[in-house]
Amino acid sequence: QVHLVESGGGLVQAGGSLRLSCAASGSASRVNVMGWYRQAPGNQRDFVASITSTGNPNYADSVKGRFTISSDNDKSTVYLEMNSLKPEDTDVYYCKYRSILNTYWGQGAQVTVSS
């Protein structure tokens, strides 16, 4: 079992920045992919960014150049640095952990960008 705890969401004006954190605890595998997805009420959950346990990042086109994903393997934590935020980035952001055997989701962190 892997438990994910997200933090760092909040309210920011357009053009501002926020950093999300996701700490994994429990039986986390050393070989995994952690990432962020976002979802608005009534919509599907969309991919934002991911990073492998070897440090390879991947981004959705909509956030390339604005968001940066990073990880601290010693702390089993993944971060999402969000810059130049836009009102359309407003969503609930979910952390995802995926290993060969299992997938887990965090509880979600609200990000609201005002215009």
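Refer to the structure presented above.
Residues numbered from 1 in each chain as written. Predicted model: local features only at pLDDT ≥ 70, side-chain atom pairs only at ≥ 80, totals over all residues. Heavy atoms only, no water.

Draft legend 1. Geometry of the overall build of the chain. Check the secondary structure of the chain and you find zero helices and eleven strands. Going from the N terminus to the C terminus, the chain shows its helices and strands as β-β-β-β-β-β-β-β-β-β-β. Here the chain has a C-alpha radius of gyration of 13 Å; the compact-globule value for 115 residues is 13 Å, and the two agree. Across its three principal directions, the C-alpha atoms of the chain cover 40 × 25 × 20 Å. Counting every position in the chain, which comprises 115 residues, the buried fraction comes to 43%. Restricting to contacts in the chain with at least 6 residues of sequence separation, those with at least 24 account for 51%. Taken as a whole, the chain presents about 6,300 Å² of accessible surface, with 46% of it coming from carbon and sulfur. Separation of charge centres in the chain, based on 10 positive and 9 negative side chains, amounts to 4 Å. (Helix = DSSP H or I, 4+ residues; strand = E, 2+ residues; numbered from the N terminus. Rg over C-alpha atoms; globule rule 2.2 N^0.38 Å. Buried < 20%, exposed > 50% of the residue type's maximum accessible area, 1.4 Å probe, protein only. Contact = heavy atoms within 4.5 Å. Areas by Shrake-Rupley, 256 points an atom, 1.4 Å probe, with all protein chains shown as cover. Lys, Arg positive; Asp, Glu negative; His and termini not counted. Charge placed at Lys NZ, Arg CZ, Asp CG, Glu CD.)

Draft legend 2. Spotlight on the packing of aromatic side chains. Counting across every chain of the model gives three aromatic pairs. Relative to Phe47, the ring of Tyr37 lies with its centre 5.6 Å away and its plane at 75°, an arrangement referred to as edge-to-face. Here the residue Tyr37 occupies a position in strand E4 (residues 33-39), and Phe47 occupies one in strand E5 (residues 46-52), the gap between them amounting to ten residues. Classification of Phe47 as partly exposed rests on a relative accessible area of 28%. Judged by centre distance (6.1 Å) and plane angle (45°), the ring pair of Tyr97 and Tyr104 falls under tilted. A relative accessible area of 1% means that Tyr97 is categorised as buried. (Phe/Tyr/Trp six-rings, centres within 6.5 Å; stacked < 30°, edge-to-face > 60°.)

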